[in-house]
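One letter stands for each residue in the lines below.
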Amino acid sequence: MKAILSADRNWGIGYKNRLLVSIPSDMKFFRQTTTGKVVVMGRRTLESFPNGMPLKNRTNIVLTGNQNYQAKGAVVVHSQQELMEELKKYSTDDVYVIGGESIYRMMLPYCDEVFVTRIDHAFQADTYFPNLDEMDDWVKTEESEEQTCFDLEFCFTKYERR
C-alpha cells in the first residue's frame, strides 16, 4: 500500500478542507500515479473534490463513521476493520491512501511507500502528515530536481519503509 500527498515545510497538508496550494505538475503526477488504481480517503476529502464526486477512472473507497453516508460511484466503509476487509479485494500495489490527516495516520502503518511533493514554503495549515524525516522506519529514496511554480519551489520525493 502507498500514500500520496503534497506537504509544506512543516508537513502541513491542508487548511479548511482544501489543499494548501494547487500546483499543476503535482496534480498531473497525482492523476498519472493513481489513475486505474484504488484510492482510499475520508469523507471530508471526498467532499473537497469538485462537486464532492469520486475521482474518475479509479476505485474510490471512502471511510466515514456516518452509517447513512452514501457517495455515488464510491465504495463507502464505516470502520478500519471494514476498510481492511474491503482492501483484501485489491493488490496492495494498486492501493493509494490520499487523505485526510486521520486516514493517513490510520493507514501509514500499512504503507510501504509514500510519495510526497515537498513544497519549500510554510503555509497556514490545520491538517498535517506525520514527519517521515523524523521516523526511524522511513527513508527518503528518491528526490527530483527542484522545480518552481508560482514562485514556490518544490520537489517530488519518495519515502520507503526500511
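Description of the structure in this document. (Residues numbered from 1 in each chain as written. Predicted model: local features only at pLDDT ≥ 70, side-chain atom pairs only at ≥ 80, totals over all residues. Heavy atoms only, no water.)

### Regarding the overall build of the protein chain
Here is step 1 of the chain: Secondary structure assignment for the protein chain yields four helices and twelve strands.
Here is step 2 of the chain: For the protein chain, the C-alpha radius of gyration of 15 Å lies close to 15 Å, the compact-globule estimate for 162 residues.
Here is step 3 of the chain: Counting only C-alpha atoms and orienting by the principal axes, one finds that the protein chain spans roughly 45 × 35 × 25 Å.
Here is step 4 of the chain: When the 162 residues of the protein chain are sorted by exposure, 45% land in the buried category.
Here is step 5 of the chain: Taking the contacts inside the protein chain whose residues are at least 6 apart along the sequence as the reference set, 62% of them involve residues at least 24 apart. (Helix = DSSP H or I, 4+ residues; strand = E, 2+ residues; numbered from the N terminus. Rg over C-alpha atoms; globule rule 2.2 N^0.38 Å. Buried < 20%, exposed > 50% of the residue type's maximum accessible area, 1.4 Å probe, protein only. Contact = heavy atoms within 4.5 Å.)

### Looking at the side chain of E113
Here is step 1 of the chain: Turning to its location among the elements, E113 is positioned in strand β8 (residues 113-119).
Here is step 2 of the chain: Reaching out from E113, the side chain makes a polar contact with the side chain of K158 at a distance of 3.4 Å.
Here is step 3 of the chain: Apart from the residues within four sequence positions on either side, E113 is in contact with M1, K2, A3, W138, K158, Y159 and E160. (Polar contact = N/O pair within 3.5 Å; in protein donor to acceptor, adjacent residues only side chain to side chain.)

### Focus on the side chain of T33
Here is step 1 of the chain: Looking at where T33 falls in the secondary structure, it is placed in helix α1 (residues 24-34).
Here is step 2 of the chain: Judged by relative accessible area, which is 14%, T33 ranks as buried.
Here is step 3 of the chain: Setting aside its immediate chain neighbours within four residues, T33 contacts I4 and Y96.

### Here we look at helix α3 (residues 80-87)
Here is step 1 of the chain: Among all positions in α3, only L83, E86 and L87 are buried. What you see down the axis of α3 is that its buried residues fit within an arc of 95°, all on one side. (Arc of directions from axis to C-beta.)

### A short note on the pattern of salt bridges
Two side chains of opposite charge can pair, provided their charged atoms sit close to one another.
Here is step 1 of the chain: The final tally for this structure, using the stated rule, is 13 salt bridges.
Here is step 2 of the chain: With a closest N to O distance of 3.5 Å, K2 and E113 form a salt bridge. Of this pair, K2 sits in strand β1 (residues 2-7) while E113 sits in strand β8, placing them 111 residues apart in sequence.
Here is step 3 of the chain: Notably, a salt bridge pairs R9 with D120, separated by 3.0 Å at the nearest N-O pair. Taken together, the residues R9 in the loop between β1 and β2 (12-15) and D120 in the loop between β8 and β9 (127-128) connect sequence positions 111 residues apart. (Salt bridge = Lys/Arg side-chain N within 4 Å of Asp/Glu carboxyl O.)

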